[in-house]
Amino acid sequence: MAEVLVYVDHVDGAVRKPTLELLTLARRIGDPVAVALGAGAANTAATLAEHGAVKVLTDEAAEYADYLVVPKVDALQAAVEAVSAAGSLAAVLVPSSAEAKEIAARLALRIGSGVITDAVDVEADDKGPVATQSVFAASYSTKTRVSKGTPVITVKPNSAPVEAAPAAGTVEALSVTFSAQATGTKVTGRTPRESTGRPELTEAAIVVSGGRGVNGSENFSIIEALADSLGAAVGASRAAVDAGWYPHTNQVGQTGKSVSPQLYIANGISGAIQHRAGMQTSKTIVAVNKDAEAPIFDLVDYGVVGDLFEVVPQLTEEIKTRKG
Amino acid sequence: MSLRIVVTVKYVPDATGDRHFAEDLTVDRDDVDGLLSELDEYAVEQALQIADEADDAEITVLTVGPEDAKDALRKALSMGADKAIHVEDDDLHGTDAIGTSLVLAKAIEKAGYDLVISGMASTDGTMGVLPALVAERLGVPQVTLLSEVSVADGVVKGRRDGDTASEQLEASLPAVVSVTDQSGEARYPSFKGIMAAKKKPVQSWDLEDLEIEADEVGLDGSWTTVDSATERPARTAGTIVKDEGEGGKQLAEFLVGQKFI
Ligand SMILES: Cc1cc2nc3c(=O)[nH]c(=O)nc-3n(C[C@H](O)[C@H](O)[C@H](O)COP(=O)(O)OP(=O)(O)OC[C@H]3O[C@@H](n4cnc5c(N)ncnc54)[C@H](O)[C@@H]3O)c2cc1C
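Since the structure is predicted, the reported quantities are computational estimates derived from the model, not experimental observations. (Residues numbered from 1 in each chain as written. Chains lettered and ligands numbered in written order. Predicted model: local features only at pLDDT ≥ 70, side-chain atom pairs only at ≥ 80, totals over all residues. Heavy atoms only, no water.)

## As for a negative patch on the surface
Residue and element names in this part refer to chain B. There is a patch of like negative charges on the surface, built from Asp18, Asp30, Asp31, Asp68, Asp71 and Glu231. In this structure, glutamate 231 sits in strand S12 (residues 224–231). Glutamate 231 sits in the exposed class, given a relative accessible area of 55%. (Patch = residues over 30% accessible without salt bridge, like charges linked within 9 Å, V, L, I, M, F, W, Y side chains within 5 Å. Areas by Shrake-Rupley, 256 points an atom, 1.4 Å probe, with all protein chains shown as cover. Salt bridge = Lys/Arg side-chain N within 4 Å of Asp/Glu carboxyl O. Lys, Arg positive; Asp, Glu negative; His and termini not counted. Charge placed at Lys NZ, Arg CZ, Asp CG, Glu CD. Helix = DSSP H or I, 4+ residues; strand = E, 2+ residues; numbered from the N terminus. Buried < 20%, exposed > 50% of the residue type's maximum accessible area, 1.4 Å probe, protein only.)

Written out as structure tokens, the structure is:
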């Protein structure tokens, strides 16, 4: 059976959930071979094996953390060459994080292959994998395939379930020779994002967001309280972020995160096209807005026309009561 | 020596319009008004600020696109860029990201550059990978997705806010930079700027000028194929209630029914 390379997104050996989803998709196409780079890479193997990786190629060189993007492109290229030489390579799957997308594109150019970004589904087909993308703020859905070379496809979070599928997960050292460009952009400092204790925005099953209607950073505690009652992540519109009420890392939309949770609750958000671009593929959408004409109501499964300062705390109380 | 800045910009269909696909599954650019991608305005803005700080700098805006794309160049010129290059060729229709990066890289090399500045992504394609591709082709450092950028003594520095960490980056020129919408509000063109833009030079280049063969670009040169594009069915109309004092409870009821609680 052909092999599929899966680029592993991990933090010091802790595999991030979108990578496990990639393994589910990779198994539809062939045998997943994972590539894990940087500090802690070898520690990813057990989790990856549990979810279907037949092999885990690792390299823990310092260059991956010290320089931007290019060392990882060099490594993936080495992995592509190693796997192609030993057998047949059906595709390279990469999570759709900002960095991994850049890695995927440069890799594709180097190996003479087409690249598809932000797929929401990948299916096997006799002419090679077919990717589904959601475009124009999710108003269209396209099916695209790579017509030249080995398909390189980046996949958005929440595009597939995480499935247990135990495989060997044999760890092998990947031998990488860094290119002249590898050390071009130096990372001179790194400040890890503080953990809020809440689920990761892009990975959460439920997202509770606040917009301009929240009217002040102190009022975001109402949004956070609702989120916590549901075990949800907190999102914000750009208006709320630009006003300085909530961090940019929580922004949902075209220039923020794209989310696709089971449930999205928009509070005091009008539903501008750029916001919709980041949440329109959510399974169930709920909104609280005092303006009955707000465009967000065109998307909702359930909407409450009302003041969020009344409706949201009541909802939070009710959830707490019901959950006991 | 003068700091040569090239800003890449894209002319895109207005996102608030009814965007759709043409019969050949390329983006239909005829039925919706176009404009300079808002995300490229941030690139023009940072170029202007960097040029202000430099003793001597020249900003060239570069676009690849149909005739109307000149509008995007005019807007950038009216914001304060010095000159413009328009790469236009019938054979470019349907070019994918890899092909576009070839055209941009060749044009940037022909124009001459110390610094390339791009927006974080286009507002229509939204891939966000062109700056990385252009850097790969030019063989120069990629310093991308910056929320803060500065250039001094032939070195570009910036802050890149990632998913798990915020990074400080540094590279020597020449380099390719991209900036996010967090990098600072873009200025509005002044009346004087708009008048001055009319007199600024706009050069037109075609594929021959860039020594690119027709089969390297366009739909035929594309390394990806779109099989189909279907409009997503409109979401079925949901239930909308007016809060009469029980709105929160009613919403909880709905969530219970959907098994979220
Ligand atoms: C290139 C570009 C990229 C962009 N990227 C993004 C992006 O990534 N994400 C994003 O969100 N936006 C983005 N925008 C901005 C977008 O166009 C909107 O301006 C923004 O989404 C508006 O945020 P909002 O809905 O919170 O504010 P508004 O549009 O002002 O809406 C506020 C809503 O709150 C309601 N409200 C007010 N008070 C209350 C109350 N007490 N109770 C209940 N409801 C109340 C109002 O009725 C209104 O509907 C982008 C724009 C551009 C041009």
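## Considerations on the environment of A:Leu37
Residues and elements named next belong to chain A. Along the chain, leucine 37 turns up in strand S4 (residues 31–37). Its relative accessible area of 6% is what places leucine 37 among the buried residues. Sequence-wise, leucine 37 and tyrosine 67 are 30 residues apart; in three dimensions their C-alpha atoms are separated by 13 Å. For leucine 37, the contacting residues outside a window of four places in its chain are Tyr7, His10, Asp59, Tyr64, Lys72, Ala75 and Leu174. (Contact = heavy atoms within 4.5 Å.)

## A closer look at empty space enclosed by the protein
Taken as a whole and assessed by the stated rule, the structure comprises 2 cavities of 30 Å³ or more. Within this model, the largest cavity holds a volume of roughly 40 Å³. A:Leu68, A:Val70, A:Arg106, A:Gln181, A:Ala182, A:Gly184, A:Thr185, B:Val140, B:Pro141 and B:Gln142 are the residues that line the largest cavity. Residue composition of the lining of the largest cavity, by class: 5 nonpolar, 4 polar and 1 charged. In this model, the second largest cavity occupies a volume close to 40 Å³. (1 Å grid on protein atoms, 1.4 Å probe; cavity = no way out; pocket = protein on both sides within 12 Å on 5 of 7 lines; lining within 4 Å. Points joined across faces, edges and corners; volume = space filled by probe spheres on them. Nonpolar A, V, L, I, M, F, W, Y, C, P; charged D, E, K, R; others polar.)

## Things to note about the site of the ligand
The full set close to the ligand counts 27 residues, and A:Arg212, A:Ser237, A:Ser270, A:Gln274 and A:Asn289 are the nearest of them. Lying at an intersection of chains, the ligand is approached by residues of chains A and B. Within the backbone of A:Arg238, an N or O atom sits 2.9 Å from an oxygen atom of the ligand. Here a nitrogen atom of the ligand and a backbone polar atom of A:Lys290 are 3.1 Å apart. Against a free-state accessible area of 980 Å², the protein chains account for coverage of 83% of the ligand. In a pocket analysis with a 2 Å cut-off to the grid points, the ligand is assigned to the second largest pocket. Broken down by secondary-structure element, the contributors of at least two residues to the shell around the ligand are helix H7 (238–242), helix H8 (273–276) and helix H9 (308–323) of chain A together with helix H1 (38–53) of chain B. Its residues assigned to classes, the shell around the ligand shows 7 nonpolar, 14 polar and 6 charged. (Near = heavy atom within 4 Å. Polar contact = N/O pair within 3.5 Å; in protein donor to acceptor, adjacent residues only side chain to side chain. Sits in = over half its atoms within 2 Å of the grid points.)

## A short note on the confidence of the model for chain B
Here chain B shows a mean pLDDT of 94. Residues at 70 or above account for 100%. Scoring the predicted complex yields pTM 0.95 and, for the interface, ipTM 0.95. (pLDDT = per-residue confidence, 0-100.)

## Focus on the environment of B:Ala97
Residue and element names in this part refer to chain B. Looking at the secondary structure, you find alanine 97 in helix H3 (residues 97–111). Residue alanine 97 is classed as buried on the basis of its relative accessible area of 13%. For the pair alanine 97 and glycine 125, spaced 28 residues apart in the sequence, the C-alpha separation amounts to 9.1 Å. Look past the residues within four positions of alanine 97 in its chain and what remains in contact with it is Met127, Leu130 and Leu133.

## As for the sheet that holds strand S8 (residues 130–135) of chain A
A sheet is described by the order of its strands in space; here 10 strands give the open sequence S11(A)-S5(A)-S4(A)-S1(A)-S6(A)-S10(A)-S7(A)-S8(A)-S9(A)-S12(B), paired in mixed fashion. Whereas interior strands pair on both sides, the edge strands pair on one side only; in this sheet they are strand S11 (170–173) of chain A together with S12 of chain B. Averaged over all pairs of adjacent strands, the angle between their axes in this sheet comes to 35°, without regard to strand direction. The pairing of strand S6 (residues 89–95) of chain A with strand S10 (residues 152–155) of chain A spans 4 bridges and is parallel. Counted as the bridge partner of A:Val92 is A:Val152 from S10(A). Running at roughly 170° to S10(A), helix H5 (residues 98–111) of chain A makes contact with strand S1 (3–7), S6, strand S7 (115–123) and S10 of chain A of the sheet. (Pairing = 2+ DSSP bridges. Axes fitted to C-alpha atoms, helices over the stretch in contact; angles between N-to-C directions.)

## Regarding the side chain of B:Ser122
With respect to the helices, strands and loops of the structure, B:Ser122 is situated in the loop between strand S6 (115–119) and helix H4 (130–138). The exposure class of B:Ser122 is buried, given its relative accessible area of 13%. In this structure the side chain of B:Ser122 is engaged in a polar contact, spanning 3.0 Å, whose partner is the side chain of B:Asp124. There is a polar contact of 3.2 Å between the side chain of B:Ser122 and the backbone nitrogen of B:Thr126. Not counting chain neighbours up to four residues away, the residues in contact with B:Ser122 comprise A:Gln254, B:Lys10, B:Val12 and B:Ser37.

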